[in-house]
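Residue-level structural notes
Next come the chains, spelled out residue by residue.
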Amino acid sequence: SQQGEEDPQALSIQEGENATMNCSYKTSINNLQWYRQNSGRGLVHLILIRSNEREKHSGRLRVTLDTSKKSSSLLITASRAADTASYFCADTGNQFYFGTGTSLTVIP
Amino acid sequence: DTEVTQTPKHLVMGMTNKKSLKCEQHMGHRAMYWYKQKAKKPPELMFVYSYEKLSINESVPSRFSPECPNSSLLNLHLHALQPEDSALYLCASSQVPDSYYGYTFGSGTRLTVV
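Quick summary incoming for the structure in this document. (Residues numbered from 1 in each chain as written. Chains lettered and ligands numbered in written order. Predicted model: local features only at pLDDT ≥ 70, side-chain atom pairs only at ≥ 80, totals over all residues. Heavy atoms only, no water.)

Quick look at the overall build of chain B
Across its full length, chain B carries 0 helices and 11 strands. Reading the secondary structure of chain B in the N-to-C direction produces β-β-β-β-β-β-β-β-β-β-β. Relative to the 2.2 N^0.38 estimate, which gives 13 Å for 114 residues, the radius of gyration of chain B is 13 Å and therefore close to what a compact globule would have. By sequence separation, contacts in chain B at least 24 residues apart represent 55% of the contacts at least 6 residues apart. Carbon and sulfur atoms make up 50% of the accessible area of chain B, which totals about 5,500 Å². One finds the centroid of the 12 positive side-chain charges in chain B at a distance of 7 Å from the centroid of its 10 negative side-chain charges. (Helix = DSSP H or I, 4+ residues; strand = E, 2+ residues; numbered from the N terminus. Rg over C-alpha atoms; globule rule 2.2 N^0.38 Å. Contact = heavy atoms within 4.5 Å. Areas by Shrake-Rupley, 256 points an atom, 1.4 Å probe, with all protein chains shown as cover. Lys, Arg positive; Asp, Glu negative; His and termini not counted. Charge placed at Lys NZ, Arg CZ, Asp CG, Glu CD.)

Observations concerning the nonpolar core
One finds Trp34, Phe64, Leu76 and Leu78 of chain B to be the most contacted residues of the largest nonpolar core, which totals 22 residues. Contributions of two or more residues to this core are made by β2 (10-13), β3 (18-25), β4 (31-37), β5 (44-50), β7 (64-70), β8 (73-79), β9 (87-94) and β11 (109-113) of chain B. Look past the residues within four positions of Leu78 of chain B in its chain and what remains in contact with it is Leu11, Met13, Asn17, Lys18, Lys19, Leu21, Arg63, Phe64 and Leu111 of chain B. Grouped together as the second largest cluster of nonpolar side chains are 21 residues, Trp34, Leu46, Ile49 and Ile76 of chain A included. (Core = buried A, V, L, I, M, F, W, Y, C linked by side-chain atoms within 4.5 Å. Buried < 20%, exposed > 50% of the residue type's maximum accessible area, 1.4 Å probe, protein only.)

Observations concerning the sheet that holds β7 of chain B
All names here are of chain B. Pairing in this open sheet of 4 strands is antiparallel, and the strands run β1-β3-β8-β7 from one edge to the other. Sheet topology places β1 (4-7) and β7 at the edges, where each strand pairs with a single neighbour. The average angle at which neighbouring strand axes cross in this sheet is 20°, direction not considered. As paired strands, β7 and β8 are joined by 5 bridges and run antiparallel to one another. (Pairing = 2+ DSSP bridges. Axes fitted to C-alpha atoms, helices over the stretch in contact; angles between N-to-C directions.)

Spelled out as structure tokens, the structure:
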């Protein structure tokens, strides 16, 4: 399958805590993108990490990429209630296919 | 303009109806996509248009018919749908196909087939 797998499927944390979600592929990873989707809405592009990068930061987001393990992780620090959403990974090398997603709930 | 606009936002149609979903972007993107998303599932790719030509059709039933009249507009024509086709239909665009810069998504059309 070209689809990435994410874990956990669901994550519930208190506001202020950090949230970590992981994405893995059976095939090799090229450039990995992370998206957020609020309930019933479109996806919003969060961050992209290139295949030759190991770590990237954007505000409260930190993304890592391990091409040897074919996996990536997204860390959201100091979470807020507004971060409650589903998070998906997508590998541009696997053309347009999204990971299974992690549903994050941040409790105020 | 950095948006992808989808209309209508909600659509209820009978199984014998013909309707169309519309998607528009004015960012100069040359790739446009239709995705179908069921509840608690990731978006599933349906069609890809690259430079106004259909480049990928993910074995979608013929009751879904895409059309790309120009580089800014993408339509999805619906005919004789089934209740299981009820879903959120998302349109997206990117600068070029499989873009390094990511996709811009519309807010979607919530389709209910009765």
